[in-house]
Amino acid sequence: MIRKLQKRFIVTVMLALALVFAILICAIFGVTRYRTAAREREMLEMLSENEGAFPKFELPNEPDGGPGDGFGPKNPQDNKFGRLRVNAETRYITRYFTVSMNENGEIISTRMDNIAAIGEEDARLYAKEAAERGKESGTAGNYRYLCVEKDYGTLYVFMDVSENRSGDFRFFATSLVIAAISWGVLFVLIALISKRVARPFAESYEKQRQFITDASHELKTPIAIISANADILSMTDGESDWIDGIKKQTQKMTHMVKNLTSLAKMDEMQKAGEWVNFNLSEAVEDTANAFEPLAEAQGKHFSMKIEDGLSFRGDESLIRQLVSILCDNAVKYTPEDGEILLALSKKGKKTVLSAENDCSIEDPSEISHYFERFYRSATARSEKAEGSGIGLSIAQSIAELHKGKISAKLLTENRIVFTAVF
């Protein structure tokens, strides 16, 4: 249980960190791409305003007289190109070309001075493709374009953005690598910290388990004495309702103490390395056969649908106990003339054991509490059915010990099924 709590803590924290990293990386990448695209558009707008050429910048100083850096004014309000800051070297690192069309869609000129990757014919094809799209701006291959209406027709400015894209994606890849390494380091740290976090729970759980074991051991002796005295009284004074009541209650207490001991020692039982393969079909059928005459004696119909030849690796005695709990629970709460069906089958790689029976459930919301220790439904209390509310908790512990799970589901208003999947 403690290991499961520790694993759940680690998994929860690591998933939360992974989500945070993913959100941060995606947000940073999105902002980076947005700013890159905005700069590309500003660059295209600047080129289109100057007929496909870079304007001359002669701003050695800031407008207030302070020293400049050669990239134009730092204040966007003082820069006629807004936030775009360029200098004399920008024209030599920017790859672009322009294509001019008249009003009839005919190409009248091209400007290829600042591009070497493509020829004039390819430039014309790009311009025609952009014209067919009918959009003011967009992308075509490795180029981002902007079309501007001029007196003579339309000017198309194309700029190579492949390096910008590569830079952004390299940044994204680097961020992923750094995040993965950070996540791995955090995993190691959290795995170490989780032991300290789980330690108080482990100590509390161990104390609780030891208390139950000690209390169960201490209760065995007085219960045995009370039972023996009740037997002596029945032999000397004869049977009576009071003596019968004492015997019934001592039997109930004996059964409860036995179940409490089983729950307390469940973690100490055989582990997977000590399990053996056994014939599951025979074990289930043999265990369930004992309940068939009991059900028939109470006017209930007990049937089995067990697939032959199924083998299972685990603790056979615990699996038999699980089957016994499900059968006992079904017989106990099935009304007279009700139907009980115990089924065992193989579905893919999973083994499915189910106990289905007619029932009378006043509140369907109670089903979610059936596997809680000492929980008894309103129906069980009203019908005064024997039981301590521990059986299904033991069944759940047995299923979890074998890496499986058990659940309860209401099939119809008056029929329920308990299913264990391994």
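Here we summarise the structure given alongside this text.

Rules used in this analysis
Residues numbered from 1 in each chain as written. Predicted model: local features only at pLDDT ≥ 70, side-chain atom pairs only at ≥ 80, totals over all residues. Heavy atoms only, no water. Salt bridge = Lys/Arg side-chain N within 4 Å of Asp/Glu carboxyl O. Helix = DSSP H or I, 4+ residues; strand = E, 2+ residues; numbered from the N terminus. Buried < 20%, exposed > 50% of the residue type's maximum accessible area, 1.4 Å probe, protein only. Patch = residues over 30% accessible without salt bridge, like charges linked within 9 Å, V, L, I, M, F, W, Y side chains within 5 Å. Areas by Shrake-Rupley, 256 points an atom, 1.4 Å probe, with all protein chains shown as cover. Core = buried A, V, L, I, M, F, W, Y, C linked by side-chain atoms within 4.5 Å. Contact = heavy atoms within 4.5 Å. Pairing = 2+ DSSP bridges. Axes fitted to C-alpha atoms, helices over the stretch in contact; angles between N-to-C directions.

Moving on to the pattern of salt bridges. On inspection of all chains with the given rule, the structure shows 14 salt bridges. When the shortest N-O distance is used, the salt bridge between lysine 150 and glutamate 51 registers 3.4 Å. You can see lysine 150 sitting in the loop between β4 (143-149) and β5 (153-160) and its partner glutamate 51 sitting in the loop between α1 (2-49) and α2 (90-93), a full 99 residues away along the chain. Judged by its relative accessible area of 22%, lysine 150 is partly exposed. Among the salt bridges present, the one from aspartate 113 reaches arginine 111, with a minimum N-O distance of 3.7 Å. Among the residues examined, arginine 111 registers a relative accessible area of 32% and is labelled partly exposed.

Taken together, the side chains of Phe9, Val177, Ile181, Val185, Leu189, Ile193 and Val197 define a hydrophobic patch exposed on the protein surface, amounting to about 590 Å² of accessible area. Counting residues per element, the nonpolar patch draws most heavily on helix α4 (residues 162-237), at 6 residues.

Side chains of nonpolar character tend, in soluble globular proteins, to be buried together. In terms of nonpolar packing, the biggest core is built from 43 residues, with Val284, Phe302, Leu322, Leu342, Leu353, Tyr370 and Ile406 touching the most fellow members. The contacts of valine 284, once residues within four sequence positions are left out, are Ile306, Val323, Leu342, Leu344 and Leu353. Judged by nonpolar contacts, the second largest core, of 15 residues, contains Ile107, Met112, Ile115 and Ala127.

A word on the sheet that holds strand β3 (residues 137-140). Ordered in space as β2-β1-β5-β4-β3, the 5 strands form an open sheet in which the pairing is antiparallel. Single-partner strands in this sheet number two, and they are β2 (107-111) and β3. Put simply, the sheet's adjacent strands are angled 20° from each other on average, direction ignored. By the bridge criterion, 7 bridges tie β4 to β5 in an arrangement that is antiparallel.

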